[in-house]
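Close look at the chain arrangement
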Amino acid sequence: MTGYTMLRNGGVGNGGQTCVLRWSNRIRLTWLSFTLFIILVFFPLIAHYYLTTLDEADEAGKRIFGPRAGNELCEVKHVLDLCRIRESVSEELLQLEAKRQELNSEIAKLNLKIEACKKSIENAKQDLLQLKNVISQTEHSYKELMAQNQPKLSLPIRLLPEKDDIGLPPPKVLRSCRLHNCFDYSRCPLTSGFPVYVYDSDQFAFGSYLDPLVKQAFQATARANVYVTENADIACLYVILVGEMQELGVLRPADLEKQLYSLPHWRTDGHNHVIINLSRKSDTQNLLYNVSTGRAMVAQSTFYAAQYRPGFDLVVSPLVHAMSEPNFMEIPPQVPVKRKYLFTFQGEKIESLRSSLQEARSFEEEMEGDPPADYDDRIIATLKAVQDSKLDQVLVEFTCKNQPKPSLPTEWALCGEREDRLELLKLSTFALIITPGDPRLVISSGCATRLFEALEVGAVPVVLGEHVQLPYQDVLQWSEAALVVPKPRVTEVHFLLRSLSDSDLLAMRRQGRFLWETYFSTADSIFSTVLAVIRTRIQIPAAPIREEAAAEIPHRSGKAAGTDPNMADNGDLDLGPVETEPPYASPKYLRNFTLTVTDFYRSWNSAPGPFHLFPHTPFDPVLPSEAKFLGSGTGFRPIGGGAGGSGKEFQASLGGNVPREQFTVVMLTYEREEVLMNSLERLNGLPYLNKVVVVWNSPKLPSEDLLWPDIGVPIMVVRTEKNSLNNRFLPWNEIETEAILSIDDDAHLRHDEIMFGFRVWREARDRIVGFPGRYHAWDIPHQSWLYNSNYSCELSMVLTGAAFFHKYYAYLYSYVMPQAIRDMVDEYINCEDIAMNFLVSHITRKPPIKVTSRWTFRCPGCPQALSHDDSHFHERHKCINFFVKVYGYMPLLYTQFRVDSVLFKTRLPHDKTKCFKFI
């Protein structure tokens, strides 16, 4: 190092030493170059040789260091790429791990925030609960204060259950279903109005198998029913139609059950559902026998004892007239009472009870004791013996002339076509109906068809077999229309039928006709009856029947009405205290929510009587102004001392037990303005008059300059849709009284006559009370009825041109009476008064009451009326005979009773008032 430094510094005197160094450097460089040459040349050769030797020593295919093919070189490159990718992925994983740790830390922070929020929510809930309690206490205090200041009761608020609410727990055995354990009353409060939701069968698979006529008739009547609603959430009842099927066996019971349970509002068990299976054929099978219907009601014509749940399921009539109305002209009259045959029966039994029991072993196992006795052989022998005795003309056939109709086992199959069977029944006083021999079959479609046809033509049904369940048996008293005789009493049937009197027989025939028309005849009557039975069972009142909305015609009033002294002259008749108070409505019928309990059987069953025939049928719900017809004249009177007994109080209240009551005048007119104004003026000052309703029957409105008289009470001029005499009896909503005085615009009545008629009506509220009397007579040569207006000592009609009647009959005439009668009134523009007399006599089985001796009314100077036409009486003859065909008998009754006011003296104390005598 020192020499090297000296050379750089140009050291002198060191030349020898410098040469040595140079030589030495050259030798080192040469040696280094030689060494490198040997290493670079020989070492690769040695390595190649060594590696080649190792490759040859190994097995084929196991070489590691030998020469490789081109593909193997590519694989090496791929490995390198994978290595690079691995390194890249490793880097990314490291980055993701770092991010994960960051996110975990953020999650931990958020969890802490969530816990804090939960604590805040709990605190807020506690505060909200406290606020709710405060609000509830405040509302309760408010309601208490309101209740103290409002003594009148309000309608309860309807509480609807949740959509998925199951309601009551199901009974252990579904066969024990009754209303108390299978019906949800919470959906049907008393004030609900009984809303009914009807499923559209076309939306379900079984809808395509339904009989088109049955489905069409059912849909039509459901759309027109007053209870049907489209809001399923508020419905009290859900109705689904499942039959009749077009063909038997097209739908398996398991499939039908599955579809029923999939209904939107079935709610797991079908409570508050009604499954209707209507039958049009006598061989309709029991479609629902092997179907579990849960807590749903079943309404059909065929039931087995194991299937029928009394008081819950409904036995309905077969749907014979699906899309047609009964033809009254083809229905035979109810008289004469006795017909050609005492009784008839046609049928053929295909299978006996013994063979049926042998096939159904499971039924024998369920029986307690011995199997039931087969009485059919005894029945056949007994009836044939009666036929052979010739004591009475009877017809019994136990073998069909043609192929019998298909029927259920042990059932008597129908013979012939329906038209042939009806013709035979028209000749029969009684119609025998033999129930199936199998006691498991409590009712069949074939038996129901026989019952329907017998009632239709007026043959009194005689049912052999007391175990049978007749249609609507829990609400209809069948003993008034049919005879149900146990089969062991078959030997006494002949004696029983001969012992019935003509009056009892006619009453049963009339009641059977009423039941058929009201509950069985059409699809509308069947559907309405099913709803009415269920509604009556759960004690929901019927919907109020609609009133006719009065379209008032504006008119000017203010003309001072004069007082005709002849009209205001009361003679010696003391009218009592004349009311000076403004008009008020008479007391209305307010028993709506208890009617279904108190008048249950009376409203459903009996045809005679003021409450019976039409009053509470499915077609005639509770009327908003219905009166208690039988209430007048039967009030409590004290015995011995005390107030009353002198007649003064009774006279002061116009002879009725309702001290405050008025009447409404309904006057029909047609383009006779001068006559109308004169008639209205004569009503000026009339006591107890509430209002005058003028029914303007002309399409032409009154004159604009017409000045109407001021008679002290409102005059309501009502415009009608068409010119019809039926408009006289429309239940206008402007009529606020129970008493209606129907009067023609040309009728002349004095005030004392009107008041006397009003007093008589108040003591006979269920009858027509009027002035002009008429009667009907039998024309022997022509074998028909005649209308007679001649003077006579007896009468059967009172013309409604001057008569009092209850507003109740206006509802019945307009909405319940057969439409065929109203159509004939429109056709002839006549006979509306005859139709009203037929209606009232048919319901009450009482004649009208005539007051005073008036027989006609004369109107000097009045234009000619319709009754002056020559064809008037001929049309009335035709009307009477047509009405008789519609009702099936002559409902008019004769009477010689007339009420006049005659003052008389009797031995009374001086402080007693004078009395009236009715003669």
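Residues numbered from 1 in each chain as written. Predicted model: local features only at pLDDT ≥ 70, side-chain atom pairs only at ≥ 80, totals over all residues. Heavy atoms only, no water.

The name given to the protein chain in an unreviewed UniProt entry is Exostosin-like 3, with the source organism recorded as Delphinapterus leucas. As stated in UniProt under Pathway (unreviewed entry), the record for the protein chain gives "Glycan metabolism; heparan sulfate biosynthesis." Checking UniProt for the protein chain, the heading Cofactor (unreviewed entry) contains the comment "Mn(2+)". (UniProt positions renumbered as here; feature names shortened; annotations may be inferred.)

The subject of this paragraph is the overall build of the protein chain. Across its full length, the protein chain holds 24 helices and 30 strands. Of all 919 residues assigned to the protein chain, the portion counted as buried reaches 48%. By sequence separation, contacts in the protein chain at least 24 residues apart represent 79% of the contacts at least 6 residues apart. Summed over all atoms, the accessible surface of the protein chain reaches about 48100 Å², with 56% contributed by carbon and sulfur. (Helix = DSSP H or I, 4+ residues; strand = E, 2+ residues; numbered from the N terminus. Buried < 20%, exposed > 50% of the residue type's maximum accessible area, 1.4 Å probe, protein only. Contact = heavy atoms within 4.5 Å. Areas by Shrake-Rupley, 256 points an atom, 1.4 Å probe, with all protein chains shown as cover.)

Here we come to the sheet that holds strand β13 (residues 460-464). The strand order across the open sheet formed by five strands is β9-β7-β11-β13-β14, and the pairing between neighbours is parallel. With partners counted over all chains shown, the strands left at the sheet margins are β9 (395-397) and β14 (483-485), one partner each. Sheet twist, expressed as the mean angle between neighbouring strand axes with direction ignored, is 20 degrees. As paired strands, β13 and β14 are joined by three bridges and run parallel to one another. Its bridge partner lying in β14, Val463 is registered against Val484. Its contacts with the sheet put helix α11 (residues 445-457) on β7 (341-346), β11 (428-434) and β13, and the angle it makes with β11 is roughly 170 degrees. (Pairing = 2+ DSSP bridges. Axes fitted to C-alpha atoms, helices over the stretch in contact; angles between N-to-C directions.)

Bringing the packing of α11 against helix α13 (residues 502-520) into the picture now. Packing of α11 against α13 brings their axes to within 8 Å, and their N-to-C directions diverge by 120 degrees. By the angle class used here, α11 and α13 are oblique. Here α11 and α13 pass one another in a crossing that is left-handed. Contacts from Phe452, Leu455 and Glu456 of α11 reach α13 at Gly512, Arg513, Trp516 and Phe520. Along the lines of polarity and charge, the residues of the contact of α11 with α13 split into four nonpolar, one polar and two charged. (Parallel < 35°, antiparallel > 145°, perpendicular 65-115°, else oblique. Left-handed = near helix turned anticlockwise from the far one by under 90°. Nonpolar A, V, L, I, M, F, W, Y, C, P; charged D, E, K, R; others polar.)

A separate point is unusual backbone geometry. In this model, Gly243 is joined to Glu244 through a cis peptide bond whose omega is 25 degrees. Tracing the backbone through its elements, the reader meets Glu244 in the loop between β2 (237-243) and α6 (253-261). At the junction of Val335 and Pro336, the peptide bond is cis and its omega measures out at 5 degrees in the coordinates. Relative to the elements of secondary structure, Pro336 occurs in the loop between β6 (314-315) and β7.

What follows is about the nonpolar core. Counting residues in each nonpolar core, the largest one holds 140 residues, and the members touching the most others are Phe194, Val239, Tyr472, Phe520 and Phe883. If you tally residues by element for this core, the top one is helix α21 (residues 807-816), at eight residues. With residues up to four places along the chain from it excluded, the contact list for Phe520 reads Ser317, Pro318, Phe452, Leu455, Pro471, Tyr472, Leu476, Trp478, Leu515, Ser525 and Ile526. Of all hydrophobic cores here, the second largest spans 39 residues; its members include Leu676, Val694, Ile754 and Phe756. (Core = buried A, V, L, I, M, F, W, Y, C linked by side-chain atoms within 4.5 Å.)

Looking at the element boundaries, Asp779 is found in strand β23 (residues 773-779). With a relative accessible area of 13%, Asp779 lands in the buried category. Residues within four places of Asp779 in sequence aside, it is in contact with Ser784 and Leu786. In terms of polar contacts, Asp779 uses its side chain to reach the side chain of His782, at 2.7 Å. (Polar contact = N/O pair within 3.5 Å; in protein donor to acceptor, adjacent residues only side chain to side chain.)

On inspection of all chains with the given rule, the structure shows four disulfides. What pairs with Cys177 in a disulfide is Cys182, and their sulfur atoms sit 1.9 Å apart. Sign of the S-S torsion, about -70 degrees for the bond between Cys177 and Cys182, identifies this disulfide as left-handed. Take Cys177 and Cys182: they sit in the same class, and that class is buried. Paired through a disulfide, Cys831 and Cys879 show a sulfur-sulfur distance of 2.0 Å. Because the sign of the S-S torsion sets the handedness, a value of about 80 degrees for the bond joining Cys831 and Cys879 places this disulfide among the right-handed ones. Of this pair, Cys831 sits in the loop between α22 (819-828) and α23 (832-844) while Cys879 sits in helix α24 (residues 871-887); the two residues are 48 residues apart in sequence, bridging distant segments of the chain. Assigned by exposure class, Cys831 and Cys879 land together as buried. (Disulfide = S-S within 2.5 Å.)

With that settled, the discussion passes to the sheet that holds strand β4 (residues 297-300). Strands sit in the order β1-β2-β3-β4-β6 across an open sheet of five strands; the sheet is parallel. In this open sheet, the two strands that pair with only one neighbour each are β1 (196-198) and β6. Here helix α5 (residues 212-224) sits on the sheet and contacts β1, β2 and β3 (273-277); the angle it forms with β2, its principal contact strand, is near 160 degrees.

Across the five residues that make up strand β20 (residues 715-719), a large majority, four, are buried. Of the pairings in the sheet, the one linking strand β15 (residues 551-552) to β20 comprises two bridges and is antiparallel in character. Counterpart to Glu552 in the pairing with β20 is Val718. As paired elements, strand β18 (residues 689-696) and β20 share five bridges and run parallel to each other. Looking at β20, one finds that Val694 is bridged to Val717.

This model, assessed by the stated rule, comprises 31 aromatic pairs. Taken together, a centroid distance of 6.4 Å and an interplanar angle of 35 degrees make the contact between Tyr199 and Tyr238 tilted. With Tyr199 in the loop between β1 and α5 and Tyr238 in strand β2, this residue pair connects regions lying 39 residues apart in the sequence. Residue Tyr199 is classed as buried on the basis of its relative accessible area of 5%. (Phe/Tyr/Trp six-rings, centres within 6.5 Å; stacked < 30°, edge-to-face > 60°.)

This brings us to the pattern of salt bridges. If you walk through the whole model with that rule in mind, you get 36 salt bridges. A salt bridge links Lys487 to Asp376; its shortest N-O distance comes to 3.6 Å. Taken together, the residues Lys487 in the loop between β14 and α12 (493-499) and Asp376 in helix α9 (residues 376-389) connect sequence positions 111 residues apart. A relative accessible area of 8% places Lys487 in the buried class. Of the residues examined, Asp376 reaches a relative accessible area of 2% and is grouped as buried. A salt bridge links Glu492 to Arg489; the shortest N-O distance between them is 2.8 Å. Of the residues examined, Glu492 reaches a relative accessible area of 37% and is grouped as partly exposed. Linked by salt bridges that have partners in common, Arg418, Arg421, Glu453 and Glu456 make up one network. (Salt bridge = Lys/Arg side-chain N within 4 Å of Asp/Glu carboxyl O.)

Next up on the list: α5. Counted at 1.5 Å a residue, the expected span for α5 with its 13 residues is 18 Å, and the 19 Å between its end C-alpha atoms agrees. Those residues of α5 not exposed but buried are Val214, Lys215, Ala217, Phe218, Thr221 and Ala222. In a view along the axis of α5, the buried residues occupy a sector of 165 degrees, so they form one face of it. Exposed and oriented more than 90 degrees from the buried face of α5 are Arg223 and Ala224. Buried residues in α5 make contact with β1, β2, β3 and α14 (523-537). The distance from a side-chain oxygen at the start of α5 to the backbone nitrogen of Leu213 is 3.0 Å, and the residue carrying that oxygen is Asp211. (Expected span 1.5 Å × (residues − 1). Arc of directions from axis to C-beta.)

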